[in-house]
Amino acid sequence: MNANVRVFILNSLAMNDPQRSLTLLWFRDDLRLSDNAALKWAADHGPVIGLFIDETINRSIGAAARWWREQSLNALAQDLSFYGVPLLRRTGNPLEILPKIVSEMEVKAVTWNRRYHQPLCEVDATLKKNLRDQGIEVHSHPGFLLTEPWEVSTATGTPYKVFTPFSKAAWEVARGHAYETVKNNVPVPSHLTGPEGVELPIPEMEQPFWATTLVKECAPGEKNASEKLFDFLEHLQDYPQARDSLARSATSKLSAHLRFGEISIHRVWAETAAIDSEGTELFLKELLWRDFAWHRLYALPHMDTQNVRMQFNRFGWSWDPSEKDKLNTPSTPLIPTKADQFHEDLAAWRAGKTGIPLVDAGMRELWATGSMHNRVRMVVASFLTKNLQIHWRHGEEWFWETLVDADPASNAFNWQWAAGSGDDASPYFRIFNPVTQAKKFDPDETYIRRWVPEYGTPSYPDPIVDLKESRQIALDAYSAIK
Ligand code: FAD
C-alpha cells in the first residue's frame with residue numbers, strides 16, 4: 001500500500017468518528033516506545049498517530065546514519081503496530097507538513113521530545129506557535145539528554161566551557177532526572193492505542209549496495225539497544241581497564257542507539273548507577289560527555305562548521321570546499337584521483353591507505369562497520385589535522401557520512417577537541433603518535449591485523465608522511481598563531 005492510500009484511510013476515519021480526538025506524536029531522535037515522555041503524554045490523550053519526517057531544510061543526515069535510521073524506523077513501525085498506532089512517513093519541511101496533517105486528520109494535539117540544535121529549535125518554536133494559533137494543543141518534553149542546556153550553568157549564569165566543572169554541576173541534575181523520568185515513563189503505557197480501522201503497513205526497506213557490511217555489524221532498534229545495555233552492564237566492572245584495549249570489545253557500543261533515542265539516556269543512567277562497580281562512575285561520566293557536547297552546540301550553533309577558538313581562523317589548514325560534494329557517495333572517493341598532495345593525502349586517509357597501520361586500521365573499521373573505537377577516532381583525527389594539516393571539517397564531513405552514530409554535536413565537538421580549536425580541547429601541541437598508541441593499546445597487533453591484513457607484506461604502502469617531521473611542522477605552524 002502506498003502512502004496516499006494510507007492517508008485516505010485515516011481521513012475517512014477522521015470524518016466518520018466525531019468522538020475521537022487524535023494526538024499526533026512527531027518522532028525525531030526518540031525512536032522508542034519505553035521511557036518516552038512524548039509517547040506517554042500522547043497515550044494519556046487518546047488515540048495516537050505517529051509521524052516521522054525526513055527533513056530537508058537542514059544538513060541532511062549522513063549515509064551510514066541514514067541506513068541505521070531506516071532500520072530503526074522500521075523496527076519502530078513494527079512495535080507501534082502492536083498497539084494499533086500507525087507511523088506516517090513524510091519527506092520535506094515540517095513547517096509545511098505538520099499543519100497539513102493536523103488539518104487533514106483533524107488532529108487535536110501534537111507532541112514531541114525536544115531537540116537542541118538551534119536551527120531545529122527554531123523550527124519547533126515556530127511550529128508550536130503556529131499550531132497553538134490554530135487552537136491545537138502542543139506539548140514538548142525533555143528526554144534526549146540527561147540535563148537540559150539551561151539547567152546547568154556557571155555561577156555567573158553562562159554555559160560551562162570546561163568538562164570537569166560541567167560534569168560536577170550536571171551530575172546531581174542528571175541523577176535526579178534519571179530516577180524521576182524512569183519512574184514516570186517506563187514501561188510502554190498499556191493504554192497506548194491508535195485510531196480504529198487503520199491499516200499499518202510496514203514499508204519495504206531499500207538496502208544501499210555499500211551497506212552490505214553494515215548489515216552484518218549493526219543491529220538497530222529499541223530491542224537491540226536494550227540487549228546491548230544488558231550485556232554491557234554484565235561486564236561494567238571491566239570498563240575502566242579494558243575500554244582502551246583495541247582488540248577487546250569492552251565499551252557499551254550504545255552510541256548509535258543513543259543517537260536515535262532507541263534507548264532512554266535516563267534509563268541507561270539509572271540502570272548503571274544501580275550497580276556498585278568500579279566502572280559505574282567512569283561510565284556515567286562518559287554519558288555526561290555526550291550532554292556536554294550537546295550543551296556546547298546549543299551555545300554555539302555553528303560549532304559544526306566554525307572554529308570555536310577564533311585564533312584557529314588564522315591557522316593554515318588545507319581546505320577545499322569542493323571535496324564536500326564528493327561525500328554523499330561513500331563508495332566512490334576511496335581511490336586518490338588527483339595528483340595534488342592535499343587531495344591524495346585526504347583520499348589516502350579516507351581509504352585507510354596512509355601506510356600508518358593504526359590509522360589505516362581505524363579508517364577501514366569505520367568503512368566496514370560504521371563505527372570506530374574512541375581511542376582510534378582520536379588518533380586518526382590528530383593524524384589528519386596535525387600530521388597532514390588538513391582542516392578538521394574534512395574529517396568531520398567524512399565521519400558524518402560514514403559513522404552510524406554521527407550527530408552534529410558529538411562529531412563536531414570531538415573533531416574540534418582533537419584539532420585543538422574547540423573549548424576544553426586537547427592542546428594543539430598534544431599530537432598523538434600512532435605508533436606509540438598502537439604499542440600501548442594494541443600491543444600484539446590484533447586490531448591492526450584484523451583490519452589491515454596486508455600489514456607487514458610488500459603490498460602494504462610506505463607511510464605518506466614522516467611522523468616526526470610532520471609533527472614538527474605542525475608545532476611550528478601552531479607557534480605562529482599562538
Ligand atoms: P562508551 O565508551 O560505551 O561510552 C558510552 C556513551 O557515552 C557513548 O555511547 C556516547 O554516547 C557517550 N560518549 C562517550 N565518549 C564521548 C565523547 N567523547 N563525546 C560524546 N559522547 C561520548 N560519538 C557520537 O556519539 N557521535 C559522533 O558523531 C562522534 N564523533 C566523534 C568524532 C571524533 C573525532 C571523536 C574522537 C569521537 C567521537 N565520538 C562521537 C565520541 C566517541 O568516540 C563515541 O561516542 C564512542 O566511541 C562510542 O562508543 P561506545 O558507545 O562504545 O562508547
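Here the structure is a predicted model, which is why all the values come from computation and not from measurement. (Residues numbered from 1 in each chain as written. Predicted model: local features only at pLDDT ≥ 70, side-chain atom pairs only at ≥ 80, totals over all residues.)

### A few points about the sheet that holds strand β5 (residues 137-141)
- Spatially, five strands are ordered β3-β2-β1-β4-β5 in an open sheet, and the strand pairing comes out parallel. Each edge of the sheet is formed by a strand with only one pairing partner; in this case those strands are β3 (87-92) and β5. Sheet twist, expressed as the average angle between the axes of neighbouring strands with direction ignored, equals 25°.
- Taken together, the five bridges between strand β4 (residues 107-113) and β5 define a ladder with parallel strand orientation. Of the residues in β5, the one forming a bridge with Thr-111 is His-139.
- Across the sheet, helix α2 (residues 37-44) is in contact with β1 (22-27), β2 (48-55), β4 and β5; its angle to β4 comes to roughly 160°. (Pairing = 2+ DSSP bridges. Helix = DSSP H or I, 4+ residues; strand = E, 2+ residues; numbered from the N terminus. Axes fitted to C-alpha atoms, helices over the stretch in contact; angles between N-to-C directions. Contact = placed C-beta atoms within 7 Å.)

### Focus on the UniProt feature "binding site: FAD" (unreviewed entry) in the protein
- What UniProt calls "binding site: FAD" (unreviewed entry) maps, in this numbering, to Tyr-239, Thr-251, Ser-252, Lys-253, Leu-254, Ser-255, Phe-283, Asp-405, Ala-406 and Asp-407. The named residues occupy 169 residues along the chain; their greatest pairwise C-alpha distance, 24.1 Å, places them well apart from one another.
- Here Ser-252 is to be found in the loop between α9 (239-242) and α10 (255-259).
- The exposure class assigned to Ser-252 is buried, which follows from the 22 C-beta atoms found within 10 Å.
- In this view, Ser-252 contacts Lys-228 and Phe-232; residues no more than four positions away in its chain are not counted.
- Considering the arrangement of structural elements, one finds Asp-407 in the loop between α16 (392-402) and α17 (408-419). (UniProt positions renumbered as here; feature names shortened; annotations may be inferred. Buried ≥ 20, exposed ≤ 12 C-beta atoms within 10 Å, placed from the backbone.)

### Some words on unusual backbone geometry
- Backbone geometry at Asp-35 places phi at a positive 45°, although glycine is not the residue there.
- Position of Asp-35 among the secondary structure elements: in the loop between β1 and α2.
- Backbone geometry places Gln-389, a non-glycine residue, at a positive phi of 55°.
- Summarising the element assignment, Gln-389 is placed in the loop between α15 (374-387) and α16.

### Considering the nonpolar core
- By size, the foremost hydrophobic cluster in this structure holds 124 residues, and its most contacted members are Leu-24, Leu-25, Leu-51, Leu-146 and Leu-297.
- Top contributing element to this core by residue count: helix α3 (residues 63-82), with 10 residues.
- If sequence neighbours within four positions are ignored, Leu-24 has contacts with Ile-49, Leu-51, Ile-101, Val-102, Val-107 and Val-110. (Core = buried A, V, L, I, M, F, W, Y, C linked by C-beta atoms within 7 Å.)

### Points about the domain arrangement of the protein
- Split into domains, the protein comes out as domain 1 (21-142), domain 2 (144-186 + 211-300) and domain 3 (308-479).
- On a C-alpha basis, the centroid separation for the pair domain 1 and domain 3 is 36 Å.
- Listed by partner, the interface residues are six residues for domain 1 and 10 residues for domain 3. (Domains from an automatic or database assignment.)

### Details of the site of the ligand
- For the ligand, the set of nearby residues contains 27 residues, the closest of which are Thr-251, Ser-252, Ser-255, Asn-411 and Asn-414.
- When contributions to the shell around the ligand are tallied by element, the ones reaching two or more residues are α10, α12 (279-299), α15 and α17.
- When its residues are assigned to classes, the shell around the ligand shows 12 nonpolar, seven polar and eight charged.
- Domain assignment of the residues forming the shell around the ligand places at least three in each of domain 2 (144-186 + 211-300) and domain 3 (308-479). (Near = placed C-beta within 6 Å. Nonpolar A, V, L, I, M, F, W, Y, C, P; charged D, E, K, R; others polar.)

### A few points about the packing of helix α6 (residues 163-185) against helix α11 (residues 265-273)
- Packing of α6 against α11 brings their axes to within 8 Å, and their N-to-C directions diverge by 100°. In this view, α6 runs roughly perpendicular relative to α11, as classed from their interaxial angle. Across the interface between the two elements, Ala-174, Arg-175, His-177, Ala-178, Tyr-179, Thr-181 and Val-182 from α6 touch His-266, Arg-267, Trp-269, Ala-270 and Ala-273 from α11.
- Looking at the contact of α6 with α11, its residues break down into seven nonpolar, three polar and two charged. (Parallel < 35°, antiparallel > 145°, perpendicular 65-115°, else oblique.)

### What to know about the confidence of the model for the protein
- Across the protein, the average pLDDT comes to 89, with 90% of residues at 70 or higher.
- Taken together, the stretch residues 1-19 has pLDDT below 50 and engages in 18 contacts with residues farther than four places along the chain or on a different chain.
- Considering only residues more than four positions removed or in separate chains, one finds that residues 329-339, a stretch of pLDDT under 50, has 19 contacts.
- In the predicted assembly, ipTM is 0.99 and pTM is 0.93. (pLDDT = per-residue confidence, 0-100.)

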